[in-house]
Amino acid sequence: MYTLKHLLSRLGFIKRNGTRAYALDDQSYFLLESLAVREQRPAEEVHADILADAVEKRNTQDALISCWESLSPREKDVTALSCLWYTNRQIAASFTFLLIL
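In this text the structure is predicted, and so the values were computed from the model without any measurement.

Rules of the game
Residues numbered from 1 in each chain as written. Predicted model: local features only at pLDDT ≥ 70, side-chain atom pairs only at ≥ 80, totals over all residues. Heavy atoms only, no water. Salt bridge = Lys/Arg side-chain N within 4 Å of Asp/Glu carboxyl O. Buried < 20%, exposed > 50% of the residue type's maximum accessible area, 1.4 Å probe, protein only. Axes fitted to C-alpha atoms, helices over the stretch in contact; angles between N-to-C directions. Helix = DSSP H or I, 4+ residues; strand = E, 2+ residues; numbered from the N terminus. Parallel < 35°, antiparallel > 145°, perpendicular 65-115°, else oblique. Left-handed = near helix turned anticlockwise from the far one by under 90°. Contact = heavy atoms within 4.5 Å. Nonpolar A, V, L, I, M, F, W, Y, C, P; charged D, E, K, R; others polar. pLDDT = per-residue confidence, 0-100.

Topic: the pattern of salt bridges
Per the counting criterion, the structure on display carries three salt bridges. We note a salt bridge from Arg41 to Glu39, for which the minimum N-O separation is 2.6 Å. As a salt-bridge pair, Asp49 and Arg41 come within 2.1 Å of each other at their nearest N and O atoms. A relative accessible area of 36% means that Asp49 is categorised as partly exposed. Taking relative accessible area as the criterion, Arg41 reaches 25% and is therefore assigned partly exposed. A single network of salt bridges, built from pairs that share partners, joins Glu39, Arg41, Glu45 and Asp49.

Right under this line is the structure:
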C-alpha cells in the first residue's frame with residue numbers, strides 16, 4: 001500500500017501535508033539564515049522563496065533552450081549576430097560575404 005501511495009504522491013495525485021527537511025552544508029545554511037535575519041522574515045519563508053525562484057529560473061531556461069533548438073542553423077546565426085548588436089545591414093553583409101566564399 002505504501003508503494004501505491006508513494007507513486008500517487010510523486011505523480012501529484014495525493015498532496016502531502018507538512019514540511020520536508022533537506023540537508024544543507026554549513027555555509028549554505030549560514031547564508032540562508034543571514035538573509036532571513038537581514039530581510040526580517042522567517043527563515044522557512046526565505047528558504048521557500050529561494051527554492052521557488054530557482055525552480056522558475058530552471059523552467060524558463062528549459063523553455064528557452066527548447067526554443068533555441070527549434071531554430072534552423074541560419075536562424076541561430078542571425079539571432080546570435082542580433083544579440084551582438086549587429087544591424088540588419090551588417091547581418092546581411094556577413095551572409096553575403098559567406099556566399100562569396
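Regarding the packing of helix α2 (residues 26-39) against helix α3 (residues 43-69)
Two measures define how a pair of helices packs: the angle their axes make with one another and the distance between the axes. Put simply, α2 and α3 touch, their axes get as near as 9 Å, and they point 110 degrees apart. With respect to their mutual orientation, α2 and α3 come out roughly perpendicular. Classified by chirality, the crossing of α3 by α2 is right-handed. Here α2 contributes Leu32, Glu33, Leu35, Ala36 and Glu39 to the contact with α3, which in turn contributes Ala43, Val46, His47 and Ile50. Partitioning the contact of α2 with α3 into residue classes produces six nonpolar, one polar and two charged.

So, the confidence of the model for the protein chain
Across the protein chain, pLDDT averages 83, with 76% of residues at or above 70. Per-element confidence in the protein chain is highest for helix α4 (residues 73-83), whose mean pLDDT is 91, and lowest for helix α1 (residues 2-10), whose mean pLDDT is 66.

So, unusual backbone geometry
The residue Gln40 is not glycine, and still its phi comes out positive at about 55 degrees. Summarising the element assignment, Gln40 is placed in the loop between α2 and α3. Its identity is not glycine, yet Trp85 carries a phi of approximately 70 degrees, on the positive side. Structurally, the position occupied by Trp85 is in the loop between α4 and α5 (88-100). Judged by its relative accessible area of 77%, Trp85 is exposed.

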